[in-house]
Structures are given as structure tokens and as C-alpha cells.
Amino acid sequence: MATVRISHISKSFGENTVLQDFNETFRDGEFITLLGPSGCGKTTMLRIIAGFEKPTGGELYLDERLVSGGKTFIPPERRSIGMVFQSYAVWPHMNVYDNVAYPLTIRRTPKDEIRASVQRVLDIVHLSQYAERLPNQLSGGQQQRVALARALVATPGLLLLDEPLSNLDAKLRESMRFEIKEIQRKTGITVVYVTHDQTEAMAMSDRIFLINRGVVQQSGSPDEIYNRPVNQFVADFLGKVDFFKGDAQEGRIVFPAMGGQTLPYEGPRSGRVDVAIRPENIVIDPEGPLSGRLEALYYLGDVMDCRVRAGEALVRVIAPGYLHGSLQIGETVRLSVRDFMVFEDDGLLEEILRIQT
Ligand SMILES: Nc1ncnc2c1ncn2[C@@H]1O[C@H](COP(=O)(O)OP(=O)(O)O)[C@@H](O)[C@H]1O
Ligand SMILES: [Mg+2]
């Protein structure tokens, strides 16, 4: 059981403001991901929650108990939090059992209690049969699961994970995602997960907090953040997207770079807009309103990644792989757009106006 209430937290290192007015509540049992480009402040936020870093301003509450803020500061060891970091520091000279037991051993927990707890968490991470092994007899993924088991053994209500999969190869990373998610489901623990990998965030999170330069740009479910991004940064960070400058007029948007081609548009906006189109939402369609010359085509098996030249603009299209063979480079194709996002053409905080089919 753990809630995390972050009240107007800010953090500066000297002149450098790393977090600005972070103000959110993570609910009990939620899987929260802090997502954003390298250097945006994710680790700093996690270290403030853990108690390795003091915020410059604001308060932090764990289960509604003030742990950081004003004159109060509860040190990490008294916050009952489990943690796993990118470089999974398992003790090389201790076998799996002793590694996992360590947090309980130093608390002088009775031996039979330790045994039961270690067995329980080794079961959860599927390592029961490896208890006697030394870390160098394990794969990277298994070592990372030892680190997870050790973080879970003292039954914390809150688990903090900082890019825990980034040292693993792609296949293992993918399977570990599901394992971590499964562990969270089984234990009901609240998880705060840090990553710069949007696919990881999409696959695991109940809610994603997308951060840029220390400011939360948007929070919401993967679906909300992917399909209803509040600004261009969010639209661009999650998934693939191309932006085209357009001119909204009655019933349509004209694209000067595409030689004046248009898409139908019934929205409220007129004048200059930025239109964002995800390549998977463009369909090769003989009836489509846009046309261009197929300039490049990459067959990837499940899909084809195509580039269509429309005037000066290059339009990216993700087409189903089974169309392979029916398309020729150099031919003219017509395109329809299943949906697109319209942003105001005013620099930083564009508003999303309409998603239209
Ligand atoms: N102890 C520190 N002293 C000074 N600057 C720091 C310290 N820790 C982090 N920073 C700076 O804070 C910013 C955010 O860092 P960090 O939270 O590690 O980002 P992320 O985890 O999102 O990559 C970076 O510009 C980094 O250089
Ligand atoms: Mg980091």
C-alpha cells in the first residue's frame, strides 16, 4: 500500500533548474512511468522520492506522511521503498539466495522468516531453482531479476525502477517488460518506472508522465497520450509523426509544400496550422485526396515503410507488408488519411484542436 503525493516540487542544481513545479499524486497500486528525453529530470524526481536528493521547494508525501519539505526530511532507509537501477548492483561474491536475503539479514530478521520471504520473491521472479548460483553464472536478465527480487523482499509498498532494462538486449527487454508488469499485478505494489523508451512506457504503464526540460508536458493513459497529445512535443515523442504546414480554409486544409493539395477539414480553425499525421494512419487508396510519387520502399516483413514525394513534401506511409510486390518505386500513388491532428501554428504550447476521420 503506497501513495505518492508530489506537491509543487522543484529542484535546482546551482543555476540549473532541473524540475519545475512537479505536482501530481500517484495512487495506490498504479504503474506510473516518468518518460522523457535524456537529461529531462526523470532520475532526479525518482531520487527525490527515494530520499537521495532533497527538493529545492515543495513537499513530498508517502501515504500522506510528509517525508520531504520544510524542515522535514526522512532518510531513504526509513521510507520503505524498493529500488532497482540501470546498473543492477548484485553482490558478485554472494549467491542468489544471499543477495536477495541481504536487506533482511542486515535488519537481523529471524532466519526462518528470511527463508520464507526469499522463497516467495524468488518464486515471483522465476528464479527459485537458481538460489545457489553466483551472479556470474546467470544471464543479464536473470541478474536483473535478482535485483528485482532483492528490491521486493522487504515487501515495500513502493518500487522505484530507473531504466532497469536498458543494459539488456532487445528480445530480453521485451520479455522483461511483461515480467515486471506481471510482478506488479501479483504484488499490487505501486511502481514508479523511469525510461526514455516510449514503447516500454506504452506497454507497461497505467499512466505516463511525459517530461521535457523538467516540466511535465502531459500525463495520462498510454491511449490518451498517444491519441490526444496536448502539444507537438508530445505528439512527436510518442510514436512516429510527420508535421506539415497547412492553411485552414472553409472545409479544407491546403498544403503549400504539397503543391496545394488539400485534405478535408471541418474544424473551427482558419489560417496557418501545423498538421501532424502518423504514418500508420495513411492508407494507399486509389480514391484518396492526396497523390505523390513512391520514392522509396523498405520491406520490413510485417509492414512496408514507404516515402511518397508530394510536391516538396515527403510523406511517410506505413503500409501492410502483404502489399509487397504490388507497389513499384516511381509509380504514382493516391493516399487517404484516416486521422490527423491539427495544432495551432504558434511555437511552443500548441493546442490540439481536432482529430478527424
Ligand atoms: N548532482 C547533480 N549535480 C548537478 N547537476 C545534476 C545533478 N544530478 C543531475 N543533474 C542535472 O540535472 C539534469 C537532469 O538530470 P537527470 O534527472 O539525471 O535526467 P534524466 O534521468 O531524465 O536523464 C541534467 O541536466 C543533469 O546534468
Ligand atoms: Mg536518468
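Owing to the predicted nature of the structure, the values given are computational and were not obtained by experimental measurement.

What counts, and where the lines are drawn
- Along every chain, residues carry numbers that run from 1 in the direction the sequence is written.
- To read the labels, note that chains go from A and ligands from 1, taken in the order they are written.
- Per-residue local features of the predicted model are confined to residues with pLDDT of at least 70, and side-chain atom pairs are confined, for both listing and counting, to 80 or more; whole-chain, interface and lining totals are unaffected and use all residues.
- For helices the rule is a DSSP run of H or I covering at least 4 residues; for strands it is a run of E covering at least 2, with both sets numbered from the N terminus onward.
- Two residues form a contact once the distance between their C-beta atoms, set from the backbone, is within 7 Å.
- Being near a molecule or strand means, for a residue, that its C-beta atom, positioned from the backbone, comes within 6 Å of it.
- Any residue that is not Ala, Val, Leu, Ile, Met, Phe, Trp, Tyr, Cys, Pro, Asp, Glu, Lys or Arg is counted as polar, Gly included; the first ten are nonpolar and the last four charged.
- Working definition: the nonpolar core is a set of buried Ala, Val, Leu, Ile, Met, Phe, Trp, Tyr and Cys residues, joined through C-beta atoms within 7 Å.
- Buried, partly exposed and exposed are defined by the number of other C-beta atoms within 10 Å of a residue's own C-beta, namely 20 or more, between the two limits, and 12 or fewer respectively, with C-beta atoms placed from the backbone.
- Note: domain ranges come from an automatic or database domain assignment.
- Under this scheme, a helix contributes an axis fitted over its contacting stretch, all axes are lines through C-alpha atoms, and angles between N-to-C directions fall in the 0 to 180 degree range.
- Here is the rule for angles: anything less than 35 degrees is roughly parallel, anything more than 145 is roughly antiparallel, 65 through 115 is roughly perpendicular, and the remaining ranges are oblique.
- For any helix crossing, the convention is left-handed if the near helix is rotated counterclockwise from the far helix by under a right angle, and right-handed if that rotation is clockwise.
- One requirement defines pairing of two strands: DSSP has to find at least two bridges between them.
- Confidence scores here are pLDDT values: one per residue, from the predictor, ranging 0 to 100.

> Give a detailed account of the overall build of the chain, specifying residues and quantitative values.
Regarding its fold elements, the chain presents eight helices and 22 strands. With the C-alpha coordinates of the chain rotated into their principal frame, the extents come out at 75 × 50 × 30 Å. Across the chain, every contact between residues at least 6 apart in sequence was considered, and the portion connecting residues at least 24 apart equals 62%.

> Tell me about the site of ligand 1, residues and numbers included.
Residues in contact with ligand 1, as listed here, are F13, N16, V18, G36, S38, G39, C40, G41, K42, T43 and T44. Listing elements by their share of the shell around ligand 1, those giving two or more residues are β2 (16–26) and α1 (42–50). Top element by residues in the shell around ligand 1 is α1. It accounts for three residues. Partitioning the shell around ligand 1 into residue classes produces three nonpolar, seven polar and one charged.

> I'd like a description of the nonpolar core, backed by residues and values.
In globular proteins that are soluble, nonpolar side chains generally tend to be buried together. Counting 91 residues, the largest nonpolar core has V100, A149, L160 and V192 as the members making the most contacts within it. Ranked by the residues each element gives to this core, the list is headed by helix α4 (residues 140–152), at six residues. The two domains that each donate at least three residues to this core are domain 1 (4–235) and domain 2 (240–356).

> I'd like a description of the environment of M258, backed by residues and values.
Relative to the helices and strands, M258 resides in the loop between β13 (252–255) and β14 (261–264). On the basis of neighbour counts, which here come to 21 C-beta atoms within 10 Å, the residue M258 falls in the buried class. Each C-alpha atom of the pair M258 and E295 lies 15 Å from the other, and the pair is 37 residues apart in sequence. With residues near it in sequence (within four places) discarded, M258 still touches L290, A310, G311 and A313.

> A description of the packing of helix α2 (residues 96–105) against α4 should follow, citing residues and the corresponding values.
Between α2 and α4, the shortest axis-to-axis distance is 7 Å and the interhelical angle comes to 30°. With respect to α4, the axis of α2 lies roughly parallel. Between α2 and α4 the crossing geometry is right-handed. Packed against α2, whose contacting residues are V96, N99, V100, Y102 and P103, the element α4 presents V146, A149 and R150 at the interface. Of the residues belonging to the contact of α2 with α4, the class tally is six nonpolar, one polar and one charged.

> I'd like a description of the sheet that holds strand β10 (residues 207–212), backed by residues and values.
Consider a sheet: its strands pair through backbone hydrogen bonds, and that pairing is either parallel or antiparallel. Strand order in the open sheet made by the six strands is β7-β8-β9-β3-β10-β11, with mixed pairing throughout. One side of each edge strand has no neighbouring strand; the edge strands of this open sheet are β7 (81–85) and β11 (215–220). Within this sheet the neighbouring strands show an average axis-to-axis angle of 15°, counted without direction. Taken together, the five bridges between β7 and strand β8 (residues 158–162) define a ladder with parallel strand orientation. Its bridge partner being in β8, F85 is matched across the sheet by D162.

> An account of the pairing of strand β1 (residues 4–13) is requested, with residue identities and associated values reported.
As paired elements, β1 and strand β4 (residues 57–62) share five bridges and run antiparallel to each other. Bridge assignment links S10 to a residue of β4, and that residue is G57. Sheet topology note: the β1/β2 ladder contains seven bridges and is antiparallel. Of the residues in β2, the one forming a bridge with R5 is T25. Hairpin connection, β1 to β2: the antiparallel pair is bridged by two residues, and G14 has positive phi, about 60°.

> Mind laying out the confidence of the model for the chain, listing which residues take part and the relevant values?
Here the chain shows a mean pLDDT of 91. Residues at 70 or above account for 96%. Confidence drops under pLDDT 50 across residues 347–351; counting only partners more than four residues distant or on other chains, this segment forms eight contacts. Long-range and interchain partners of residues 353–357, a stretch whose pLDDT sits below 50, account for 16 contacts in this model, where long-range means more than four residues apart.

> Report on the sheet that holds strand β18 (residues 303–310), specifying residues and quantitative values.
Strand order in the open sheet formed by five strands is β16-β20-β17-β18-β19, with antiparallel pairing between adjacent strands. Unpaired on one side and paired on the other, β16 (282–284) and β19 (313–320) mark the two borders of the sheet. The average angle at which neighbouring strand axes cross in this sheet is 45°, direction not considered.

> Requested: an account of the domain arrangement of the chain, with residues and values cited.
When its domains are assigned, the chain resolves into domain 1 (4–235) and domain 2 (240–356). Computed over C-alpha atoms only, the centres of domain 1 and domain 2 are separated by 39 Å.

> Any details on the packing of α4 against helix α5 (residues 170–187)? Residues and values, ideally.
Where α4 contacts α5, the two axes come as close as 11 Å, and the packing angle between them is 20°. On the basis of the axis angle, α4 is roughly parallel to α5. For the pair α4 and α5, the sense of crossing is right-handed. Contacts between α4 and α5 pair G140, G141, Q144, L148 and L152 from the former with L172, M176, I183 and T187 from the latter. Split into classes, the residues belonging to the contact of α4 with α5 amount to five nonpolar, four polar and no charged.

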